[in-house]
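Examining the three-dimensional arrangement
Residue strings, one per chain:
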Amino acid sequence: MDNKAYLDQIAVKGKKPSVIKSLLTPAIIKLLAAGLVALILFFVVIGILNSNNAKITQKFEAVYQRAASLALDDNPLYLYNQKLKSSDLRQYNSTLQMVLATFNNSYRALAPTAGFDPEAISSSVVAEDETNTATIEAELNAGYLNGMLDHTYAATAYYQISILITMNQEAIAASTNTDLSDVLNKFNNGLIDLQKLYKKYMNSN
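Below, the discussion takes up the overall build of the protein. Of regular secondary structure, the protein possesses nine helices and zero strands. Order of helices (α) and strands (β) in the protein, N terminus to C terminus: α-α-α-α-α-α-α-α-α. Of all 205 residues assigned to the protein, the portion counted as buried reaches 34%. Counting contacts in the protein only where the partners sit at least 6 residues apart, residues at least 24 apart contribute 79% of the total. On the protein, roughly 12700 Å² of surface is accessible, and the fraction owed to carbon and sulfur atoms is 60%.

Below is the structure:
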């Protein structure tokens, strides 16, 4: 064996195994991969839960926003009420405003329980309600110009109440609080009674 071969042999024997290589055994690599997958799944689940919670909150917000909007003095349902010929419709509308006002007062007080801030409603909920208000305005204005305001008004009010009932029932299904559920259920019953009155008017006129 010449000197070079001898020196090479000594060098190979003197080399210490790499710390990294000794740590990255197949078992360790599998463990790290499993941990990475678990971490990714954790964040995915958190994201899904947050998304679901946001959707539930928006159900409660939507009921509040729509009920509060319909009760405003500048809402088309309120403004066009003064132009109606039917005293029955005006009476129904007075009852509707009373039902909305009672609900809004009770529901606003329970907003923290429902998980939303009445002063900071989601922009998507507000935008949807603004579009709805514009639709009401367009429908009632067309009915007024065509000399069919009373019938148009009854149909519009009936539709708005129907939508509000659907929104309210979604909130009821999402509620886990007794007080909140009671307020929503009372509101639902009042809306159903009003819905029947507007339907009766439409069928007889």
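From this point, the narrative continues.
Summed over all chains, the structure comprises seven aromatic pairs. The interplanar angle of 50° and the centroid separation of 5.6 Å between the aromatic rings of Tyr64 and Phe116 together place this pair among those described as tilted. Note that Tyr64 is positioned in helix H3 (residues 26–70) and Phe116 in the loop between helix H6 (111–114) and helix H7 (123–145), a separation of 52 residues in sequence. Both residues of the pair, Tyr64 and Phe116, belong to the buried class. Judged by centre distance (3.7 Å) and plane angle (10°), the ring pair of Phe103 and Phe187 falls under stacked. Here Phe103 is found in helix H5 (residues 87–109), whereas its partner Phe187 is found in helix H9 (residues 178–204), with 84 residues between them in sequence. Accessibility assignment for this pair places Phe103 and Phe187 in one class, buried. Put simply, the rings of Tyr64, Phe103, Tyr107, Phe116 and Phe187 touch in pairs and so form one group of aromatic residues. Across from the ring centre of Tyr80, 4.8 Å away, lies the NZ or CZ of Lys83, which sits over that ring.

Along the chain, Ser69 turns up in helix H3. When sequence neighbours within four positions are dropped, the list of residues in contact with Ser69 reads Asn75, Asp129 and Thr133.

Here we come to the nonpolar core. If you look at the biggest cluster of nonpolar residues, it comprises 43 residues, and the most contacted ones within it are Tyr107, Leu184, Phe187 and Tyr198. Those elements giving two or more residues to this core turn out to be H3, H5, H6, H7, helix H8 (149–174) and H9. In this structure, Leu184 is in contact with Phe60, Val63, Phe103, Tyr107, Asn168, Ala171, Ile172 and Ser175, ignoring residues within four places of it in sequence.

Attention now moves to H7. Compared with the 33 Å implied by 1.5 Å per residue over 23 residues, the 33 Å span of H7 between its first and last C-alpha is a close match. Those residues of H7 lying buried are Val125, Asp129, Asn132, Ile136, Leu140 and Gly143.

Turning our attention to the side chain of Gln160. Among the secondary structure elements, Gln160 is positioned in helix H8. Assessed through its relative accessible area of 2%, Gln160 is described here as buried. Among residues more than four places away in sequence, those in contact with Gln160 are Arg66, Leu70, Leu77, Asn132 and Ile136.

Axis separation between H5 and H9 bottoms out at 10 Å; the angle between their running directions is 170°. Accordingly, the angle class assigned to the pair H5 and H9 is roughly antiparallel. Along its contact with H5, which presents Leu89, Tyr92, Asn93, Thr95, Leu96, Val99, Leu100, Phe103, Ser106 and Tyr107, the element H9 presents Leu180, Val183, Leu184, Phe187, Leu194, Leu197, Tyr198 and Tyr201. Tallied by class, the residues present in the contact of H5 with H9 amount to 15 nonpolar, three polar and no charged.

Of note, Tyr144 is situated in helix H7. Between the C-alpha atom of Tyr144 and that of Leu84, which follows or precedes it by 60 residues, the distance is 9.2 Å. The residues touching Tyr144, leaving out its near neighbours within four places in the chain, are Tyr80, Lys83 and Leu149.

Thresholds, definitions, all that
Residues numbered from 1 in each chain as written. Predicted model: local features only at pLDDT ≥ 70, side-chain atom pairs only at ≥ 80, totals over all residues. Heavy atoms only, no water. Helix = DSSP H or I, 4+ residues; strand = E, 2+ residues; numbered from the N terminus. Buried < 20%, exposed > 50% of the residue type's maximum accessible area, 1.4 Å probe, protein only. Contact = heavy atoms within 4.5 Å. Areas by Shrake-Rupley, 256 points an atom, 1.4 Å probe, with all protein chains shown as cover. Phe/Tyr/Trp six-rings, centres within 6.5 Å; stacked < 30°, edge-to-face > 60°. Lys NZ or Arg CZ within 6 Å of the ring centre and 35° of its normal. Core = buried A, V, L, I, M, F, W, Y, C linked by side-chain atoms within 4.5 Å. Expected span 1.5 Å × (residues − 1). Axes fitted to C-alpha atoms, helices over the stretch in contact; angles between N-to-C directions. Parallel < 35°, antiparallel > 145°, perpendicular 65-115°, else oblique. Nonpolar A, V, L, I, M, F, W, Y, C, P; charged D, E, K, R; others polar.

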